[in-house]
Amino acid sequence: QLEALLAQTERAMIAPPRAYHGEYRVGVDLGTAYTVLLVLDANNQPLAGAYRFANVVRDGLVVDFIGAIDLLRELKRDVEARLGFELTHAATGYPPGVPRVEVRATANVVRAAGFDCRAEVDEPTAANTVLQIRDGAVVDVGGGTTGIAIVRDGRVVYTADEATGGTHFTLVIAGAL
């Protein structure tokens, strides 16, 4: 089931969307390596999305506020043109354990890009909303950090963010070879 969802999400990122005129959800991830915008329909099925390489976030912290806003506006325009309607609201994710002021900065980027920011959710908890893990862990290896959520009885009971991500892993492997 997860494999099918991933394939459907990949198709939504590149294919022309189907005609849709209902409720929708928008998620924004200002990541260390990529900024992602994804639109889901009322049944949580991917409609459209876009992503771009970005140097606006480092280790979960927004380091280029204006660059982040400009990039997200560009993604928003791209997806709106493909869908044929304006995207007015979004939720955003953030690495667990970052200071509250940084969560506000991330939400402010989303607002400044033209969205009503309706929710801020730590990334592993957001992932578990889709994955529906009952007991286990969600590990989100990002470009700069790795988010972890421990799930018991369907509820996230612990989150953490390690300052090691895909970029670090790549450097370690490259150095070893």
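Below or above, wherever it landed, is the structure these notes cover. Being a predicted model, the structure only gives us computed values, none of them experimental.

## Considering the overall build of the protein chain
Then, number 1: Of regular secondary structure, the protein chain possesses five helices and 10 strands.
Then, number 2: On C-alpha atoms alone, the protein chain measures out to a radius of gyration of 16 Å, which is about the 16 Å that the 2.2 N^0.38 rule sets for 177 residues.
Then, number 3: Principal axes of the C-alpha set define a box for the protein chain whose edges measure 45 × 40 × 35 Å.
Then, number 4: Put simply, the protein chain has 177 residues, and 40% of those count as buried.
Then, number 5: If you take every contact in the protein chain between residues at least 6 apart in sequence, the share linking residues at least 24 apart comes to 53%.

## What about the pattern of salt bridges?
Then, number 1: Counted according to the given criterion, the structure contains five salt bridges.
Then, number 2: The partner of E80 in a salt bridge is K76, and the shortest N-O contact between them spans 2.6 Å. With E80 and K76 both in helix α2 (residues 65–83), this residue pair falls four residues apart, about one helical turn.
Then, number 3: In this structure E80 comes out as buried when scored by relative accessible area, which is 16%.
Then, number 4: For R100, the salt bridge identified is with E120, shortest N-O distance 2.9 Å. Of this pair, R100 sits in helix α3 (residues 100–112) while E120 sits in strand β7 (residues 116–122); the two residues are 20 residues apart in sequence, bridging distant segments of the chain.

## Side note on the nonpolar core
Then, number 1: In terms of nonpolar packing, the biggest core is built from 29 residues, with V26, L37, V39, L72, V79, L87 and F115 touching the most fellow members.
Then, number 2: For this core, the secondary-structure elements that each account for two or more residues are β1 (24–30), β2 (34–41), β3 (46–53), α2 and α3.
Then, number 3: When residues of this core are assigned to their parent elements, the largest contribution, seven residues, is made by α2.
Then, number 4: Non-local contacts of F115, meaning those with residues more than four positions away in its chain, are made with V26, L37, L72, K76, L87, T88, H89, A90 and V110.

## With respect to helix α4 (residues 123–131)
Then, number 1: Residues of α4 that are buried: E123, P124 and N128. Down the axis of α4, the buried set is contained in an arc of 135°. They therefore lie on one face.
Then, number 2: If you follow the buried residues of α4, they end up packed against β1, β6 (89–94), β7, β8 (136–141), β9 (146–152) and β10 (155–162).
Then, number 3: At the exit of α4 stands Q132, carrying a positive phi of roughly 60°.

## Observations concerning the pairing of β8
Then, number 1: Sheet topology note: the β8/β9 ladder contains six bridges and is antiparallel. Residue V141 lies in a different strand from β9, and its bridge partner there is T146.
Then, number 2: Where β8 hands over to β9, the hairpin turn is made up of four residues, counted between the paired strands.

## Some details on a nonpolar patch on the surface
Then, number 1: Nonpolar side chains collect at one region of the surface, where V139, V141, F169, I173 and L177 lie side by side and expose about 540 Å² of accessible area between them.
Then, number 2: Listed by contribution, the elements that provide at least two residues to the nonpolar patch are β8 and α5 (166–176).
Then, number 3: Locating V139 in the fold gives a position in strand β8.

## A short note on the packing of α2 against α3
Then, number 1: The geometry of α2 relative to α3 is characterised by a closest axis approach of 8 Å and an angle of 45° between their N-to-C directions. Considering the angle they form, α2 stands oblique to α3. In the packing of α2 onto α3, the handedness of the crossing is right-handed. Residues F65, A68, I69, L72 and R73 of α2 form the contact with α3, whose own contacting residues are A105, N108, V109, V110 and A112.
Then, number 2: Across the contact of α2 with α3, the residue classes tally to eight nonpolar, one polar and one charged.

Reading the values: rules and limits
- Residues numbered from 1 in each chain as written.
- Predicted model: local features only at pLDDT ≥ 70, side-chain atom pairs only at ≥ 80, totals over all residues.
- Heavy atoms only, no water.
- Helix = DSSP H or I, 4+ residues; strand = E, 2+ residues; numbered from the N terminus.
- Rg over C-alpha atoms; globule rule 2.2 N^0.38 Å.
- Buried < 20%, exposed > 50% of the residue type's maximum accessible area, 1.4 Å probe, protein only.
- Contact = heavy atoms within 4.5 Å.
- Salt bridge = Lys/Arg side-chain N within 4 Å of Asp/Glu carboxyl O.
- Core = buried A, V, L, I, M, F, W, Y, C linked by side-chain atoms within 4.5 Å.
- Arc of directions from axis to C-beta.
- Pairing = 2+ DSSP bridges.
- Patch = residues over 30% accessible without salt bridge, like charges linked within 9 Å, V, L, I, M, F, W, Y side chains within 5 Å.
- Areas by Shrake-Rupley, 256 points an atom, 1.4 Å probe, with all protein chains shown as cover.
- Axes fitted to C-alpha atoms, helices over the stretch in contact; angles between N-to-C directions.
- Parallel < 35°, antiparallel > 145°, perpendicular 65-115°, else oblique.
- Left-handed = near helix turned anticlockwise from the far one by under 90°.
- Nonpolar A, V, L, I, M, F, W, Y, C, P; charged D, E, K, R; others polar.

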